Amino acid sequence: MGKRILLLGAPGAGKGTQSKRLAETYDVEHVTTGDALRANKDMETEYGTPRSFMEKGELVPDGMVNEIVEAALADADGYVLDGYPRNLSQAEYLTEITDLDAVLYLKVAEDELVERLTGRRVCSECGTNFHVKFNQPEEEGVCDECGGELVQRDDDTEETVRERLSVFEENTEPVIEHYRDEGVLVEIDGEQTPDEVFDDIEAVLDDA
Ligand code: ADP
Ligand code: ADP
Ligand code: ZN
């Protein structure tokens, strides 16, 4: 069985960037609720559309994401889970549906998060992340991986970023404390270069 990795961190901590590498290196599935929701933004559900919550920087209702995660994990032989759980009720749900081999927390200070998120650019074709300063593509506005157009996410504006960070503090920090109390949380310094962060993660996983 492949490794079952949970990657926690605030918006902008580098979860997407590291998950992509982890999925390749360990040959596991990258399960990310953010991408799944963006791909179905205008889907009508009993709660409304994902877009109506995401645009404001709010969490979508648990029922929307629990189903996505349960189906994705059931199909995966090993995974890196990114963007879920974001509150304690999702964390409880996760405990009921799977076991984890490693729980990692990418720690990054708030000022740095704001700069990372407002400068993030995303490939509209393949989803690869870039940054206007920290991770520039070879040609401006063009994806290195596939040639797709780089765009700014609707919710990466300064105002919505502030809202997302406050939602993180209120709802997701308790999740991090929960895993810390259980004694399974491994903290990684997320302010290093992407390569250094990846090395630290690998060192933990090769022991897990
Ligand atoms: P998350 O998935 O946690 O929201 P991302 O992986 O999308 O975070 O990273 C947010 C932004 O910061 C992106 O523009 C990415 O290129 C950039 N980034 C990721 N890791 C680092 C790092 N270690 N140092 C500087 N910038 C980074
Ligand atoms: P980031 O890591 O940059 O915050 P994501 O792509 O993970 O961004 O999430 C984008 C948005 O999707 C969130 O602001 C929220 O509205 C919604 N979302 C993603 N995952 C969840 C989740 N587990 N629970 C509730 N809402 C979620
Ligand atoms: Zn691309």
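Everything numeric in this text was worked out from a predicted model, so none of it was measured.

Trainee: How would you summarise the site of ligand 1 if you had to cite specific residues and measurements?
Mentor: Neighbouring residues of ligand 1: 19 residues in total, closest Gly12, Gly16, Thr17, Arg120 and Phe130. Here an oxygen atom of ligand 1 and a backbone polar atom of glycine 14 are 3.0 Å apart. At 2.6 Å, a side-chain N or O of arginine 120 approaches an oxygen atom of ligand 1. When ligand 1 is considered free in solution it has 560 Å² of accessible area, and contact with the protein chains removes 93% of it. Grouping the amino acids of the shell around ligand 1 by side-chain chemistry returns six nonpolar, 10 polar and three charged.

Trainee: Break down the sheet that holds strand E5 (residues 120-123) for me, citing the residues and quoting the values.
Mentor: Strand order in the open sheet formed by three strands is E6-E5-E7, and the pairing between neighbours is antiparallel. Across the chains shown, the open sheet's two edge strands, defined by having one partner strand only, are strand E6 (129-131) and strand E7 (150-151). In terms of strand pairing, E5 meets E7 through two bridges, oriented antiparallel. Bridge pairing in E7 links valine 122 to valine 151.

Trainee: For the UniProt feature "binding site: ATP" (unreviewed entry) in the protein chain, give the residues involved together with the corresponding values.
Mentor: As recorded in UniProt, the feature "binding site: ATP" (unreviewed entry) lies at Gly12, Ala13, Gly14, Lys15, Gly16, Thr17, Arg120 and Gln192. Tracing the sequence through the fold places glycine 12 in the loop between strand E1 (4-9) and helix H1 (15-26). Given the relative accessible area of 14%, glycine 12 is considered buried. Sequence-distant contacts of glycine 12, that is, excluding residues within four places in its chain, are made with Leu113, Arg116 and Leu117. Looking at the secondary structure, you find glycine 16 in helix H1. Every residue in contact with glycine 16, bar those within four places of it in the chain, is listed here: His30, Asp82 and Asn129.

Trainee: Talk me through a negative patch on the surface; I want residue IDs and the actual numbers.
Mentor: A surface patch of like charges, here negative, comprises Asp189, Glu191, Glu196, Asp199 and Asp200. Top contributing element to the negative patch by residue count: helix H8 (residues 194-205), with three residues. Look at aspartate 200 and you get partly exposed, because its relative accessible area is 31%.

Trainee: I'd love a proper account of the environment of asparagine 66, names of residues and values included.
Mentor: Counting through the fold element by element, asparagine 66 comes out in helix H4 (residues 62-75). Distance in space between the C-alpha atoms of asparagine 66 and threonine 33 is 9.2 Å, their sequence separation being 33 residues. The contacts of asparagine 66, once residues within four sequence positions are left out, are Tyr84, Gln90 and Tyr93.

Trainee: An account of H8 is requested, with residue identities and associated values reported.
Mentor: With 12 residues, H8 should reach 16 Å at 1.5 Å per residue; the first-to-last C-alpha distance of 16 Å fits that figure. Burial in H8 covers these residues: Val197, Phe198, Ile201 and Leu205. Angularly, the buried residues of H8 cover 100° about the axis, an arc narrow enough to put them on a single face. Elements that come into contact with the buried residues of H8 comprise E1, H1, strand E4 (102-107) and strand E8 (185-189).

Quick notes on the rules
- Residues numbered from 1 in each chain as written.
- Chains lettered and ligands numbered in written order.
- Predicted model: local features only at pLDDT ≥ 70, side-chain atom pairs only at ≥ 80, totals over all residues.
- Heavy atoms only, no water.
- Near = heavy atom within 4 Å.
- Polar contact = N/O pair within 3.5 Å; in protein donor to acceptor, adjacent residues only side chain to side chain.
- Areas by Shrake-Rupley, 256 points an atom, 1.4 Å probe, with all protein chains shown as cover.
- Nonpolar A, V, L, I, M, F, W, Y, C, P; charged D, E, K, R; others polar.
- Pairing = 2+ DSSP bridges.
- Helix = DSSP H or I, 4+ residues; strand = E, 2+ residues; numbered from the N terminus.
- UniProt positions renumbered as here; feature names shortened; annotations may be inferred.
- Buried < 20%, exposed > 50% of the residue type's maximum accessible area, 1.4 Å probe, protein only.
- Contact = heavy atoms within 4.5 Å.
- Patch = residues over 30% accessible without salt bridge, like charges linked within 9 Å, V, L, I, M, F, W, Y side chains within 5 Å.
- Salt bridge = Lys/Arg side-chain N within 4 Å of Asp/Glu carboxyl O.
- Lys, Arg positive; Asp, Glu negative; His and termini not counted.
- Charge placed at Lys NZ, Arg CZ, Asp CG, Glu CD.
- Expected span 1.5 Å × (residues − 1).
- Arc of directions from axis to C-beta.

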